[in-house]
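Residue strings, one per chain:
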Amino acid sequence: MAGQHEHGGTGEHDEQAAAAMFEPAGWDERYAGQERFWSGDPNPQVVAAVDGLAPGTALDVGCGEGGDVVWLAGRGWRVTGADFSAEGLARAARHTEQAGVADRVDWWQVDARKFEAGERSYDLVTSHYLHAPDGGMVEVTRRLAAAVAPGGLLLVVGHAPSHEFTQLSESHRNAMFLAAELLPALPDDFEPVAVEQRTRTLHRDSGPVEAEDSVLLARRARH
Ligand SMILES: C[S@@+](CC[C@H](N)C(=O)[O-])C[C@H]1O[C@@H](n2cnc3c(N)ncnc32)[C@H](O)[C@@H]1O
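So, here's what we can say about the structure. (Residues numbered from 1 in each chain as written. Predicted model: local features only at pLDDT ≥ 70, side-chain atom pairs only at ≥ 80, totals over all residues. Heavy atoms only, no water.)

1. Some points on the pattern of salt bridges
Argument step 1. Evaluated as defined, the whole model comprises 10 salt bridges.
Argument step 2. The salt bridge involving E23 is made with R113; its shortest N-O contact spans 3.2 Å. A residue pair is termed long-range when its members are at least 10 positions apart, and E23 in the loop between helix 1 (15–20) and helix 2 (24–32) and R113 in the loop between strand 3 (105–109) and strand 4 (122–128) qualify at 90 residues.
Argument step 3. Judged by its relative accessible area of 39%, E23 is partly exposed.
Argument step 4. According to the relative accessible area criterion, R113 is partly exposed, its value standing at 25%.
Argument step 5. A salt bridge links R220 to D189, with the nearest nitrogen and oxygen atoms 2.9 Å apart. Remark: D189 occurs in the loop between helix 7 (170–175) and strand 6 (190–204) and R220 occurs in strand 7 (residues 207–220); sequence separation between them is 31 residues.
Argument step 6. If you follow the salt bridges from partner to partner, you end up with E116, E139, R142 and R143 in one network. (Salt bridge = Lys/Arg side-chain N within 4 Å of Asp/Glu carboxyl O. Helix = DSSP H or I, 4+ residues; strand = E, 2+ residues; numbered from the N terminus. Buried < 20%, exposed > 50% of the residue type's maximum accessible area, 1.4 Å probe, protein only.)

2. Looking at the sheet that holds strand 5 (residues 148–159)
Argument step 1. One open sheet holds the seven strands; their spatial order is 3-2-1-4-5-7-6, and the pairing between them is mixed. The sheet is open, and its two edges are formed by strand 3 and strand 6, each paired on a single side. Strand-to-strand twist in this sheet, taken as the mean axis angle between neighbours without regard to direction, amounts to 20 degrees.
Argument step 2. Bridging between strand 1 (residues 57–61) and strand 4 involves three bridges; their strand directions are parallel. Residue D60 lies in a different strand from strand 4, and its bridge partner there is T126.
Argument step 3. Lying on the sheet, helix 5 (residues 86–98) is in contact with strand 2 (78–83) and strand 3; it crosses strand 3 at an angle near 175 degrees.
Argument step 4. Each of strand 1, strand 4, strand 5, strand 6 and strand 7 touches helix 6 (residues 137–146); the most contacted strand, strand 5, lies at about 155 degrees to it. (Pairing = 2+ DSSP bridges. Axes fitted to C-alpha atoms, helices over the stretch in contact; angles between N-to-C directions. Contact = heavy atoms within 4.5 Å.)

3. What to know about the layout of surface pockets
Argument step 1. Estimated volume of the second largest pocket: approximately 160 Å³.
Argument step 2. What lines the second largest pocket is simply G33, Q34, E35, R36, W38, E65, R91, R94, H95 and Q98.
Argument step 3. Residues of the lining of the second largest pocket, tallied by class, amount to one nonpolar, four polar and five charged. (1 Å grid on protein atoms, 1.4 Å probe; cavity = no way out; pocket = protein on both sides within 12 Å on 5 of 7 lines; lining within 4 Å. Points joined across faces, edges and corners; volume = space filled by probe spheres on them. Nonpolar A, V, L, I, M, F, W, Y, C, P; charged D, E, K, R; others polar.)

4. Quick word on the packing of aromatic side chains
Argument step 1. Counted by the stated rule, this structure contains three aromatic pairs.
Argument step 2. Residues Y31 and F37 carry aromatic rings whose centres are separated by 6.2 Å and whose planes lie at 85 degrees to one another, so their mutual orientation is edge-to-face. Comparing Y31 with F37, the two get one shared label, buried.
Argument step 3. Each member of the aromatic cluster is reached from another via a ring pair, and the members are W27, Y31 and F37.
Argument step 4. Lying over the aromatic face of F37, R30 brings its terminal NZ or CZ to 4.8 Å of the ring centre.
Argument step 5. A cation over an aromatic ring shows up here: R120 above the ring of W108, its NZ or CZ 3.6 Å from the ring centre. (Phe/Tyr/Trp six-rings, centres within 6.5 Å; stacked < 30°, edge-to-face > 60°. Lys NZ or Arg CZ within 6 Å of the ring centre and 35° of its normal.)

Here's what the structure looks like:
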């Protein structure tokens, strides 16, 4: 959702603030505050990936306030919103209720760096702007892929390193990735559909600026 993941303007971009963004306490503090992040808009890459698909089951890992969860559920998908922040999930649950789609949604409080899909499998597994430190997104992507049902889609989107983010700390920038860096996480039965950076316009107080989204979209074989 535009606004929530635009890092400009807080003046807190030191290493301590960066470390807090990789742990649940930092996000809980953010979501428990009064600040409004919610725009209600879905992320453009999920809209593009899902366009024309028949609704099925979806898992959104790092769902935050649930904009993509609400949007997918509104199109008939049965959605699990997952995040390691209890406060984020509570905000997301309120939004699904307000949107009248709560009956098609459930929640899973889980850390993407450690979770096991186990028996769970989904027609779409999506993750937007969840960043793990020190190259950790390869391992996260491996875990996300394990949750994709045969014939299903994996969509992982994050910030590409760019000049737009030079004000951020080194560990923030190290957590950003290019789509191709995630390819080693794909099991052999996945076929990449898109592995690229896509330009997105951020609306800042100072005016529009362009940033690059790293987009990995892959389909699992039907077996
Ligand atoms: C920048 S927000 C993006 C939220 C939403 N996907 C969106 O596009 O607006 C990142 C979200 O990922 C969650 N998150 C970050 N690291 C995580 C991890 N290791 N496991 C689970 N959730 C995580 C945060 O709590 C936060 O809600």
